[in-house]
Amino acid sequence: MLKGKQIVLGVTGGIAAYKAVELLRLLTKAGAHVHVIMTRAACEFVTPLTFQTLSMNPVMTSLFNLIAEREIGHISLADRADLFIIAPATANIIGKLAGGIADDMLTTTVMATKAKVLIAPAMNVNMYTNPVYRDNEERLRRLGYLFVPPEKGELACGWEGEGKLATPESIFEEAVAALTPKALAGLTVMVTAGPTREEIDPVRFISNHSSGKMGYALAMAARRRGSRVILVSGPVALAAPAGVELVSVESAAEMRAAVMARAGDCSVVIKAAAVADYRPIERNGAKIKKQAAELTLQLVRNPDILAELGRLERRPFLVGFAAETNNLEAMATKKLKEKNLDMIVANDVTQADAGFNVDTNRAWLLFRDGSRVECPLMSKHELAAVILEHIAAELAKA
Ligand code: PMT
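Worth saying up front: this structure is predicted, and the values here are computed from it rather than measured. (Residues numbered from 1 in each chain as written. Predicted model: local features only at pLDDT ≥ 70, side-chain atom pairs only at ≥ 80, totals over all residues. Heavy atoms only, no water.)

Draft legend 1. How the structure looks around the site of the ligand. Close contacts around the ligand come from 27 residues, with Ser210, Ser211, Lys335, Asn347 and Asn357 the closest. In the environment of the ligand, an oxygen atom lies 2.7 Å from a nitrogen or oxygen atom belonging to the backbone of Lys271. One of the backbone nitrogen or oxygen atoms of Ile305 is found 3.1 Å away from a nitrogen atom of the ligand. In isolation the ligand offers 770 Å² of accessible surface; the protein chains occlude 96% of this area. In this structure the site holding the ligand corresponds to the second largest pocket. (Near = heavy atom within 4 Å. Polar contact = N/O pair within 3.5 Å; in protein donor to acceptor, adjacent residues only side chain to side chain. Areas by Shrake-Rupley, 256 points an atom, 1.4 Å probe, with all protein chains shown as cover. 1 Å grid on protein atoms, 1.4 Å probe; cavity = no way out; pocket = protein on both sides within 12 Å on 5 of 7 lines; lining within 4 Å. Sits in = over half its atoms within 2 Å of the grid points.)

In structure tokens, the structure reads:
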């Protein structure tokens, strides 16, 4: 995701400085080369050695360190950076940047860079709501600086409120978004994810093994590309991705209602959900008691949501998924045609490392014009990026 990207991570003096260590780990794991600059106050909270060991790069702490300056040089770091992240960012550093003060290694390098700067503030709630601070943040936003807002919660100073550093995962997500070209800006993309649950009685249901991972990865990939994202999700154990409009549903009927009510607003619909094809003909109002040795459940077909979208007069760009156990391409091609889709993602769900409830997938992308692209084993996030790039390319042709 961040393979080969040069990221400068500025760490300033706050109790949340230790969380920057976890952020550094996420960035390096994603393939980025990270160069850390610490302010003098930051070194009071975490030692430079920790960042140096994990980044495998020298940590810059002083503007007047001749060796570091000769080896790296703050201007060279400013030029080389694809992205600057300041996390945690104190009111002090934000004030200095807004006022054009460059009096240490971090402020000097930020001032000299042309890269995007992503700021994750962390401070006392009264500092965060102070009009002086608000003006500084506003000014920087107007100048194009990006912010990951702090969370509400118990603060190290004892106060309760906004000011707690955003999680390393959400700062990481904003960093990826900042570096992703906005190929879908201005569009609304709807993604469906997860399983549906078809209730038998108040305590039992029919469902499947979908975890929602594929659909949630698609929603995040669409958001990173600048689109408004509506995520219609069946019951899953995943946290709602930041910046995405989550619509939670249970049954296929609820999913259908949620999708059809919003389809008119969408340029693209991606149906990664594993919708139950059948539901019990009626839901028992009370728990079914254990009686005879055998019990027959009568099922009835659920509406095919994707096929219904395919019949719309003004239909969005439609992407289906096909979860197959045999004749993968033939079955997927049949669904592409029958449901009037623009593209279908065919995944072979007999493989242990692909399909349901794993972090990886492998698939064929099949297009309306008969062309096809093979996607070998990769993470669901990588596959989501490939799918979104193809959607953007197809939309650009239209
Ligand atoms: O959630 P994960 O654990 O990450 O797993 C991902 C996945 C395996 C669920 C996903 O990659 C996938 O293949 N999703 C589609 C599964 C499926 O239901 O396939 P299908 O061949 O039964 O349906 C074909 C298409 O029609 C799908 O886009 C489906 O959303 C849609 N459909 C199906 C039935 C129905 N009643 N309405 C629909 O819209």
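Now that the structure has been shown, we can carry on.
Draft legend 2. Structural detail: the side chain of Thr12. Assignment of secondary structure puts Thr12 in the loop between β1 (6–11) and α1 (19–29). The buried category is assigned to Thr12, whose relative accessible area is 2%. A polar atom in the side chain of Thr12 sits 2.5 Å from the backbone oxygen of Pro88. Setting aside residues no more than four positions away along its own chain, Thr12 makes contact with Ala17, Thr39, Ala42, Ile86, Pro88, Ala89, Thr90, Ile93 and Leu106. (Helix = DSSP H or I, 4+ residues; strand = E, 2+ residues; numbered from the N terminus. Buried < 20%, exposed > 50% of the residue type's maximum accessible area, 1.4 Å probe, protein only. Contact = heavy atoms within 4.5 Å.)

Draft legend 3. Fine view of the sheet that holds strand β3 (residues 83–89). With parallel pairing, five strands are arranged side by side in an open sheet as β2-β1-β3-β4-β5. Edge positions in the sheet fall to β2 (33–38) and β5 (146–147), since each of these pairs with one other strand and no more. As paired elements, β1 and β2 share six bridges and run parallel to each other. When the bridges of β2 are listed, Ile7 appears paired with Val34. Contacting β1, β3, β4 (116–121) and β5, helix α10 (residues 168–179) crosses the sheet at an angle of about 160 degrees to β3. (Pairing = 2+ DSSP bridges. Axes fitted to C-alpha atoms, helices over the stretch in contact; angles between N-to-C directions.)

Draft legend 4. Layout of the sheet that holds strand β17 (residues 343–348). Taken in spatial order, the eight strands of this open sheet run β12-β11-β8-β13-β16-β17-β18-β19, and their pairing is mixed. Each edge of the open sheet is held by one strand with a lone partner, namely β12 (245–248) and β19 (372–379). Neighbour to neighbour, the strand axes of the sheet diverge by 15 degrees on average, direction disregarded. Here strand β16 (residues 317–324) runs beside β17; their pairing, made up of six bridges, is parallel. Note that in β17 the partner of Val319 across the bridge is Met343.

Draft legend 5. Looking closely at the packing of helix α6 (residues 91–99) against helix α7 (residues 105–112). The contact between α6 and α7 brings their axes to 11 Å, and the two run at 40 degrees. Judged by the inter-axis angle, α6 sits oblique to α7. Here the hand of the crossing between α6 and α7 comes out right-handed. Here Ile93, Lys96 and Leu97 of α6 come into contact with α7, specifically with Leu106, Thr107 and Val110. Of the residues in the contact of α6 with α7, the class split is four nonpolar, one polar and one charged. (Parallel < 35°, antiparallel > 145°, perpendicular 65-115°, else oblique. Left-handed = near helix turned anticlockwise from the far one by under 90°. Nonpolar A, V, L, I, M, F, W, Y, C, P; charged D, E, K, R; others polar.)

Draft legend 6. View of the layout of surface pockets. Estimates place the volume of the largest pocket at around 940 Å³. Considering the residues around the largest pocket, the lining is formed by 28 residues, among which Phe172, Glu173, Met220, Arg224 and His381 are closest to the centre. Listed by contribution, the elements that provide at least two residues to the lining of the largest pocket are α1, α10, α11 (213–224) and α15 (380–397). Take the lining of the largest pocket: its biggest share by element is five residues, from α11. Among the residues forming the lining of the largest pocket, the class breakdown is 13 nonpolar, four polar and eleven charged. Both domains that meet at the lining of the largest pocket, namely domain 1 (6–179) and domain 2 (188–287 + 294–397), each give it at least three residues. Roughly 770 Å³ of internal volume is contained in the second largest pocket. Looking at the second largest pocket, it is lined by 37 residues, and the ones nearest its centre are Ala273, Ala274, Val275, Phe321 and Ala323. Only α11, α13 (305–310) and β16 provide two or more residues apiece to the lining of the second largest pocket. (Points joined across faces, edges and corners; volume = space filled by probe spheres on them. Domains from an automatic or database assignment.)

Draft legend 7. Focus on unusual backbone geometry. The step from Ala87 to Pro88 runs through a cis peptide bond, and the omega angle for that step is -5 degrees. Mapped onto the elements, Pro88 comes out in strand β3. For Asn340, which is not glycine, the phi dihedral falls at a positive 60 degrees. On the secondary structure map, Asn340 appears in the loop between α14 (328–338) and β17.

Draft legend 8. Geometry of α15. In this model α15 runs 26 Å from its N-terminal to its C-terminal C-alpha over 18 residues, within 8% of the 26 Å that 1.5 Å per residue would give. Turning to α15, its buried residues number three or more, namely Lys380, Leu383, Ala384, Ile387, Leu388, Ile391, Ala392 and Glu394. (Expected span 1.5 Å × (residues − 1).)

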